[in-house]
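# Chains, contacts and geometry: an overview
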Amino acid sequence: MYLRGTRNIFLDEVVFTRKCPLGPLLHRNAGNSDVMLPSFGTKYLKSSQRTLSLLDQCLSMSQINQMLTQFIVSGTISDPYAAGKIIAFCAVSDDGDLSLAHNLFLRLSHRTTFIWNTMIRAFAERNEVTRAMSLYRNMLQSGFSPNNYTFSFLIRASTQLSDILSGLTFHGQVIKLGWESYDFVQNGLIHLYSSCKLVDSARKLFDISWNRDVVSWTAMISGYAKSGHVLIARQLFDEMPEKNAVSWSAMITGYAQEGFFKEALELFKDMQLAGFKPNHAGIVGALSACAFLGALDQGRWIHAYVDRNSMVLDRILGTALIDMYAKCGSVDTARTVFNNMPDKDVFAFTSLISGLANHGQSASAIELFMIMKNDGTTPNEVTFICILNACSRMGMVKEGLKIFESMSEIYGIEPGVEHYGCLVDLLGRAGLLDEAKRVVRVMPTEPDSYVLGALLNACRVHGDLDLGEETVDRLVERSLDHGGVHVLLSNLYASAKQWDGVAKVRKGMEVKSVKKVPGCSLIELNGAICEFVAGDRSHVLMDEILMLLLGVDKHLKSVLFDNDGDTNEYDEREI
């Protein structure tokens, strides 16, 4: 303990430190790792009940610093119970100071399992998983035995890293030490295996669990959904004896991630009818579904809900709103959401750049890209795909080539096949077919249907029949000749008035049983999504729809003939 005669060694520094009384004591000579800082004594004075009651009343770091100063001066800092309370506040509280907690932890001579667990938990919750694992090893080397709380934090850390090997090790230790029956340990293991897509292992634990709660059910639902087993996830969801907002959101997110967008929105509606308030994850999942379906009215309602409930427009939620509005065609609203975001990252920038480029505002997309770079935000692979598409639509060949080269030279991103496809499209739209062909020939990866499809489309636009036939042959060699490829080639022949070629392509499609994938369109009416597939006449209002389309067709033809007596060489023989 600190004796009365030794207190003044540090008292002057402690008393006169205004911002943090422990700064000189715990941090001085921080630049010199060889300097030994004083550790607390091997014996300790027990804290009085009054002192401990004061600790319970501490609500800020300023008060904690004052209490800590008193403990150091009096010697009661070596009481592990009092030190544990201070470390817990500093390490776990939102207003705490993990660095201070760690330094105090290192000085303690008397540690407890609670103190070790608190530090492991703190590092795990702040995504400093490596330090949490290292601390656990030190805990074992110091002779402390882990308990159920220790393993719950370690399993969480393994889940964050998707480190199944460490998870398996901890699972073995859990069984060896007899902690497998504790709820939060079992739930952690189920969540670990589910997150790593080992749903069979997770299901085995789930099935033998004596106390399945909403956490374990939700972990299994999320695991099945992430592994693509959406129907099993929904079956489990329907069987849940008790649901909460997290379980509803897990199912909504699972639907959205696997492309079940209608089902996601229907479940989002059911969630509210059941009396549950959508949380952050549920809202993001529903917005994703709205974006794909073009459900603008429902997306607007969700945005209004976010505003009514004063939800923080963080990066994830803000980006989801931007993506929804952009894909629904409300680019101006998307930009407003972007401008209102307090903190923007590469995903928010990329989402708006994509929306602008896809809606005829390529110049604004390129301008935003420049703002992004000046802002210090580093673009990612998707950002370059979006901005190269914008350059392609604007015919900005020089700028596009410069951006393409900057990927590897400035940002260290090696272009992928998608980026080469954008480059081929950029050159092809500008009529630089020889350069586009050269890119296809020299690109380091094998060209896929997107790259060759971009070249084939350029051949159609500029009427290069020979290169078009050559490109189709390459697609056939790679078994990439889907219906769309044959349609493009047929239209290329039709543009050149080579009807024998059109007939040959159609005959080849019949022989190979290649069918054009029917087009489909979606429209939102009174909050409901209606889907129409080419050739499908099963809609209950099909007669009325056909009459309306006939009127639209006649109107368009009359406008066309009024503007130009010639029909601009429109030929119905084009597919």
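Preceding this paragraph is the structure being described.
Before going into details, it helps to say that this report is about the structure given with it. (Residues numbered from 1 in each chain as written. Predicted model: local features only at pLDDT ≥ 70, side-chain atom pairs only at ≥ 80, totals over all residues. Heavy atoms only, no water.)

## Brief notes about the nonpolar core
Met 119 and Met 324 are the most contacted members of the largest nonpolar core, which totals 149 residues. Setting aside anything within four residues of it in sequence, one finds Met 324 in contact with Leu 287, Cys 290, Ala 291, Leu 296, Gly 299 and Arg 300. (Core = buried A, V, L, I, M, F, W, Y, C linked by side-chain atoms within 4.5 Å. Buried < 20%, exposed > 50% of the residue type's maximum accessible area, 1.4 Å probe, protein only. Contact = heavy atoms within 4.5 Å.)

## Remarks on unusual backbone geometry
The phi angle at Lys 197 is positive, at roughly 65°, despite the residue not being glycine. Within the secondary structure, Lys 197 is located in the loop between helix H11 (183-195) and helix H12 (199-208). A positive phi angle is found at Ser 310, which is not glycine, with a value near 50°. If you trace the backbone, Ser 310 turns up in the loop between helix H18 (296-308) and helix H19 (315-327). With a relative accessible area of 63%, Ser 310 lands in the exposed category. (Helix = DSSP H or I, 4+ residues; strand = E, 2+ residues; numbered from the N terminus.)

## Some words on the pattern of salt bridges
Applying the stated criterion to the full structure yields 10 salt bridges. Across the salt bridge formed by Glu 125 and Arg 156, the nearest N and O atoms sit 3.2 Å from each other. One end of the pair, Glu 125, is in helix H7 (residues 113-125); the other, Arg 156, is in helix H9 (residues 148-161), with 31 residues separating them in the sequence. Residue Glu 125 is classed as partly exposed on the basis of its relative accessible area, which comes to 32%. Taking the relative accessible area as the measure of exposure, Arg 156 reaches 35% and is therefore partly exposed. As a salt-bridge pair, Arg 203 and Asp 207 come within 3.0 Å of each other at their nearest N and O atoms. Remark: Asp 207 and Arg 203 occur in helix H12; sequence separation between them is four residues, near one turn of the helix. One salt-bridge network, held together by shared partners, links Arg 121, Glu 125 and Arg 156. (Salt bridge = Lys/Arg side-chain N within 4 Å of Asp/Glu carboxyl O.)

## Considerations on helix H8 (residues 129-141)
Here H8 spans 19 Å end to end across 13 residues, near enough to the 18 Å set by a 1.5 Å rise per residue. Within H8, the full set of buried residues consists of Val 129, Ala 132, Met 133, Leu 135, Tyr 136 and Met 139. End-on view of H8: buried residues confined to an arc of 160°, all on one side of the axis. Relative to its buried face, H8 has exposed residues pointing more than 90 degrees away, namely Thr 130 and Gln 141. (Expected span 1.5 Å × (residues − 1). Arc of directions from axis to C-beta.)

## Describing helix H23 (residues 381-394)
What sets the pattern is the α-helix's 3.6 residues per turn: residues three or four places apart point alike. Given a rise of 1.5 Å per residue, 14 residues ought to cover 20 Å, and the 20 Å separating the end C-alpha atoms of H23 matches this to within 8%. Within H23, the full set of buried residues consists of Thr 383, Phe 384, Cys 386, Ile 387, Leu 388, Asn 389, Ala 390, Cys 391 and Ser 392. Residues of H23 that are buried make contact with helix H21 (346-358), helix H22 (362-374), helix H24 (397-409), helix H25 (417-429) and helix H27 (449-462). Its side-chain oxygen 3.1 Å from the backbone nitrogen of Val 382, Asn 380 forms the N-cap of H23. Two residues or fewer past H23, Gly 395 is found with a positive phi of approximately 70°. (Polar contact = N/O pair within 3.5 Å; in protein donor to acceptor, adjacent residues only side chain to side chain.)

## Points about the environment of Val 440
Mapped onto the fold, Val 440 is located in helix H26 (residues 433-442). For the pair Val 440 and Val 451, spaced 11 residues apart in the sequence, the C-alpha separation amounts to 7.4 Å. Residue contacts for Val 440: discarding those within four places in its chain leaves Val 424, Pro 447, Val 451, Leu 452, Leu 455 and Arg 474.

## Describing the packing of aromatic side chains
Inspection of the entire model under this criterion finds 18 aromatic pairs. Summarising the aromatic geometry, the rings of Trp 301 and Tyr 305 are spaced 5.7 Å apart at their centres and angled 20° between planes, so their arrangement reads as stacked. Remark: Tyr 305 and Trp 301 occur in helix H18; sequence separation between them is four residues, near one turn of the helix. Taking relative accessible area as the criterion, Trp 301 reaches 38% and is therefore assigned partly exposed. Measuring from ring centre to ring centre gives 5.3 Å for Phe 404 and Tyr 420, while their planes differ by 70°; the resulting arrangement is edge-to-face. Taken together, the residues span a long stretch of sequence, with Phe 404 in helix H24 and Tyr 420 in helix H25 at a distance of 16 residues. One exposure class covers both Phe 404 and Tyr 420, and it is buried. Site record: aromatic cluster; members linked through ring pairs are Tyr 149, Trp 179, Tyr 182 and Phe 184. In this structure, Arg 111 packs its charged tip against the face of Phe 105, placed 4.3 Å from the ring centre. One Lys or Arg, Arg 212, reaches over the ring of Phe 206 and ends 4.6 Å from the middle of that ring. (Phe/Tyr/Trp six-rings, centres within 6.5 Å; stacked < 30°, edge-to-face > 60°. Lys NZ or Arg CZ within 6 Å of the ring centre and 35° of its normal.)

## Focus: the side chain of Asn 148
Relative to the assigned elements, Asn 148 resides in helix H9. Judged by relative accessible area, which is 7%, Asn 148 ranks as buried. In contact with Asn 148, not counting residues within four places along its chain, are Trp 179, Tyr 182, Phe 184 and Val 185.

Read these as geometric descriptors, not functional statements.
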